[in-house]
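Below are the chains, spelled out letter by letter.
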Amino acid sequence: MIDPENLVRRFDENASLFHELMSFKVREILLVSSPYDAFALEEDGSLAQRIINEYNGLNLSAPPRLTHVSTVQEALQHLSKRKFDLVLCMPFVGSMDAFSVGRQIKKHQPRLPVILLTPNLHCLEAASQRDCSGVDRTYVWTRDSRLLLALIKNLEDHVNVKADTRTAMVRVLILVEDSPEYISSFLPILYQAVVQQTRSVLEESFNEEHRLLKMRARPKILLASNYEEARKLIRRYRDYVFCVMSDTRFTRKGVFDDNAGIRLLRYVRKNDKDISLLLMSSDSFNQQKAEQIPASFVDKNSSDLLQIIKGYFEKYLGFGDFVFRLPDGQEVGRAKNFKEFESAVCTIPEISFLYHAKRQHFSNWVMARSEIGMATLLGAIRTDDFDTVDSMRTYLSESIFALRKWRHQGVVADFEKHDFDPRVIDIVKIGDGSLGGKARGLAFLSSLLHSRQDIRQKFYGYPVKIPKTLVITTDIFNDFVDSNMLFYLCGGRDHIVRRQFLKAQLPEILVESLRIFLKKVFWPLAVRSSSMFEDAQYRPYAGLYETVMLPNDHQDFEVRLKQLQDAVKLVYASTFFANPRSYAKSVGQKRHDSMSVIIQQLIGQKTGSYFYPAISGVAQSYNYYPISYMKPEDGIVSMALGFGKAVVEGEKCFRFCPKYPKILPQFSTVDLMLKNTQRYFYALDMSCNEDDLTNAANLVKLEISEAQENYAINNVCSTYIEDEQRIRESGVGPKVVLFSQILKYKLFPLADIINDMLMICEKGMGGPVEIEFAVDLTGDAHKNKFYLLQTRPLIVGGEVEDVRLSEHEINKALFYSEQTLGHGLNTDIEDIILVKDFGFSLDKTPIIAREISEINSKIARRGKKYILAGPGRWGSADPLLGIPVRWHDISAVGAIVELVTEQVNVEPSQGTHFFQNITSLNIFYMTISLGKTADLFDRKQIEGLDLISETDHLLHLRSCTTFTIKVDGKTAHGVIVSNQTN
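Residues numbered from 1 in each chain as written. Predicted model: local features only at pLDDT ≥ 70, side-chain atom pairs only at ≥ 80, totals over all residues. Heavy atoms only, no water.

A. Spatial organisation of the overall build of the protein. Helix and strand counts for the protein come out as 33 helices and 47 strands. For the protein, buried positions account for 58% of its 982 residues. Surface exposure of the protein reaches about 40,900 Å², of which carbon and sulfur atoms provide 49%. (Helix = DSSP H or I, 4+ residues; strand = E, 2+ residues; numbered from the N terminus. Buried < 20%, exposed > 50% of the residue type's maximum accessible area, 1.4 Å probe, protein only. Areas by Shrake-Rupley, 256 points an atom, 1.4 Å probe, with all protein chains shown as cover.)

Here it is in C-alpha cells:
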C-alpha cells in the first residue's frame, strides 16, 4: 500500500513550478522590409492581426507586438530605444539584402535572433553565396499565418529548453530537416498538432488558470538541419527526448548523405528502445528502411499530412485516449481521462497490462498530460519491482488516484457534469460569478493547507482538512431572482419572503447540476450562505443568513433533490430578511447583497438516530478578555460537543487559551465545573426527513445525558461521581463536558493544531482572525481529523486617537468597566434603554426583546443612537443566559452594557456572531460585574434621568444634554458619564 500524498508530493511539491516555465516569451517583433513587401505581407489582412488571431485561436496568452520599419537606419534607431525579442526580415531592404541587414543588426545586438522570411528561395541564390552569418534561420512565406506562430514558438522553445528541462523535466521532440521549404510547411503542422493535442488532453483540468499554466509544460520542438546538430541535441537532452522526427537526406560531415536520417534514427534506437522515431521522406521506398530500424514512416507529399501527424501523436506519443491493446494490436479497452484510466488498469486483461507496462506506454501517456512528476515516477518502475501483476495494478491505480486528488487540492474547480468525483475534489463551483465572502475564505484556507508541507508533516496522522464543498456562485442567485421577479419582496415580512422563494423555480442548469452532485454524495449536508458582504473586513455580516442542515438519506432520490433545492431557496430568501437589512443599514450599505451558496459536507458521526461532531467551535487569534499571564495575542477558543450552534449563539460552552490549554479557572473546582459546563448539545435528527423544510436549521437541542455512549462522547466527557463529589475520566454517572482526554492527555493535538492554524491564517490575512472548526473522532485514531469550516478577519484595534479616562470621570460615572470592547469617544448619545427589574423571571427574556425592538424603532426614526443596559448575555439564543435580541431589534444601538448579576452570571462570550458584528460596527460593549469593586453601575443617577416611556420590563430614559462615552482599547477600560451633572 502506498502513501498517496507523499507519492505525488515527492515530484511536485512546489505549486509554482509551472510559473517558472517558458520564462522567455517573444513580446516585441521588429519587421524590416520595404513598404511593398510589407504591403504584400498584409495584402490579405494585417500581419500583426494574423499573429493575434493564431494566438487567440489556440487560446495562447500574450500575443507579441509587431513594429514595422523600412530601412536599416530605422531598425537601428528602434533597437537603440526599445528591447526587441525577434527581427523578421524580408529578402531586400532598399539596396541591401537580408543577410547584410542581419549583419548590421548583429553588430549592435549580436544575440538578437534574425529570421529571414522570403516568398521563395530563388531570389536569395546570389546573396546566399556571401556571408550568411547575419541570418539565424530562413523560412518560406506562403501566406500561411500558422508559420508565424510556429517560428515564434520555435524560437521560444530553443531559448527555454535548457531551463525548462532542468526545472520540470519537460519533454523534447527533435525535428531534423534542412530544407527551408519543407520546414516552412511542416513546422506549422507540427506545432498545431502539439498545441491542439495538448489543449485537448488538458480539458480535464479543473480551471482555466490550471490549463494555461500546464500549457507551458507542452513538449518543446527543437529544429536541427544536419546530422551533427541533431546528434548534439539528442545527447544534450537525452533524458528528455521522447520523439525524433527526421528527414532522410541531409548533410553529414559537410556533405549530403541520402541515408543520414536512417543512420541517425538507428543511433537513437541503439541507445534507447523507448523513444518514438518517425522517418520522413518524399520517397515511399524508404518505408521499408524505416521498418528495419524500427521506426514509423510518413510520406512528406501526403495531402492529409496534419491528420497523419495527429494520428501518430495519438498512437505513439500518448496524446488522445489511452487505448489498451493486446500484443497483436486488438483493442480491449479505452480511457479518455485519468479517472477512466485509474479504473481500467484494474480490469484489463493481464497480458494487455504487461504489454503496456513493459513499453513505458503508461508513463508516456501521463507525461503527455504534463504530469511530469508522476510520469517520471512511473517511468522509473519496472514489472520486476512487484511480486504480482495485481500488486503493480494496485500501485498504478492508487498512484493515479493520488495524483487526481492532489491536483484538486488548494484550488476551486469548475463543476464538470460528466467527470465530477467527490473523492478527489475539495471545492467545486457552479457558475461564473463571485464565490462570496465565506466561500472565498474556504478557498483561501484550502490554498493555505495545500501550500504548507510543514503543517502536514507536523500533524502527520492527524489530517487538517476542509469539508467537501460545492459553491453556487452569485450569478446563479441573480438569475434566480430576476427570472422569478422576486425583488419586489425586498422589505417584506420574513415568512412571506420565505414562502414566495420556496414557490420560485431554480434555473434548470442548476437543478441538473445538483441532480448529478446528489447522485454521488451521500453524507449529511449543510447548506450555508456566502454573500458578497459576508465575512468582509469591518462588516462581517456574521450569522445573519440562513443555514439549513439535511440528513440527505431519504430513500426517494427525488425527495432528497427537492430538499436540497428548497434549502438553497431558503438561503437565497434570507438575503431579503429583516435581520440582514437592519445590519446593512447600520453599516451604511446601500447596494443590495448578492448571495452565493455553500453546500458542504457535515462533519461528524451517526449515533442512533442523531448525527453530530465530537467537537466544534470557534477560535480567535485575539482574546479580548485575557486572564492570568495570558496576553490578548495568545488567542481564545470556544468549543462544544455537537454542532457549533451552541458556541456562535452564546450558549454555555468550553473556553480555553490554545497556548495555555490547562489554565481553566472557570473549571477549577467541582462546583464551578458543574455550574459552567455545557448542558445541551445540538445534533441533526436523521429520522426527521420530511419533504417540506419547515425548520431551517433542522437541528435538535438535546441534553448531554441524552448522548448515547460512543467513542466521541467517552473522550470529550468526564463523569461526575456524586458520592465522592469528584470528577473522574470514566465511570457511571452524569457526564460533564471537560475535554480532558483531548486537552490534558492529548488524545488529539487540538490545541497545537489550533495554535498553528491561527498563526497561519493570521499571517495570510494580514491581521487577527477567527476560524470555525470541527473535529471528527472515531474509534480508529488514524481516522481522527480536524476540519476548518470558515475563516474571517477579526475586528481588533482602531486605537489611533489617544483616549484617557480621568479619575474625575470614573468617580462621577453612570457606568464604569474594566472589561470594555472598542476604542474611542462618543458624545452624541442621549437615550438609555434600561432593564428595570434584574430579578425578572428568565422565561420573560423573549418578551423583553420584543419591548426593546419597539423602543428601538422609535429612536431609529429620530435618527438617534442609544445605550442598552441590562443583565445577562446580549444576543444569546439561550433565553436563560440573557435577552435574545436580534439585529433588527437593536439596529440603533450605540453602546451595550452587560450586567453580570448573581442571577445571570455568565462569562463574556467572544465566539458569537452577535459579538463579531458588534465589534465590526465599533459599538462599545461594557461588561460590568455588580459584585466587583472596580466596576461601577450608578442606578440611582441613571433612574434620575428624564423618563420618556416605561414598559413592563424597561425604562426609556433621556439626558437633557448628552452622555460622554470613553473607551480606552489599550486597557479595555470604559466609562459613561452624564453631562447634565456637570
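B. Molecular detail of the environment of Asp384. Relative to the helices and strands, Asp384 is located in the loop between helix H16 (372–380) and helix H17 (389–408). A relative accessible area of 73% places Asp384 in the exposed class. A sequence separation of 26 residues divides Asp384 from Lys358, and the C-alpha atoms of the two residues are 9.8 Å apart.

C. Spotlight on empty space enclosed by the protein. Taken as a whole and judged by the stated rule, the model has 6 cavities of 30 Å³ or more. Considering only enclosed or pocket space, the second largest cavity measures out at about 90 Å³ in volume. In this structure, the second largest cavity is lined by Phe353, Ala357, Gln360, Phe362, Ser363, Leu378, Ile381, Met392 and Leu396. When residues of the lining of the second largest cavity are traced back to their parent elements, those giving at least two are helix H14 (350–357), helix H15 (361–368) and H17. In the lining of the second largest cavity, the residues fall into 7 nonpolar, 2 polar and no charged. (1 Å grid on protein atoms, 1.4 Å probe; cavity = no way out; pocket = protein on both sides within 12 Å on 5 of 7 lines; lining within 4 Å. Points joined across faces, edges and corners; volume = space filled by probe spheres on them. Nonpolar A, V, L, I, M, F, W, Y, C, P; charged D, E, K, R; others polar.)

D. Molecular detail of the environment of Phe522. Mapped onto the fold, Phe522 is located in the loop between helix H22 (508–519) and strand E21 (525–531). When the C-alpha positions of Phe522 and Gln601 are compared, they lie 9.3 Å apart, and in sequence the two are 79 residues distant. When near neighbours in sequence (up to four residues on either side) are disregarded, Phe522 contacts Asn552 and Arg560. (Contact = heavy atoms within 4.5 Å.)

E. Structural view of the sheet that holds strand E13 (residues 276–281). The parallel open sheet is built from 5 strands, whose spatial order is E9-E8-E10-E13-E14. The outermost strands of the open sheet, each flanked by one partner alone, are strand E9 (220–224) and strand E14 (296–299). Taken pair by pair, the neighbouring strands of this sheet meet at an average axis angle of 20°, ignoring direction. Taken together, the 5 bridges between strand E8 (residues 172–176) and strand E10 (residues 241–247) define a ladder with parallel strand orientation. Following the sheet pairing, Leu175 is matched in E10 by Met245. (Pairing = 2+ DSSP bridges. Axes fitted to C-alpha atoms, helices over the stretch in contact; angles between N-to-C directions.)

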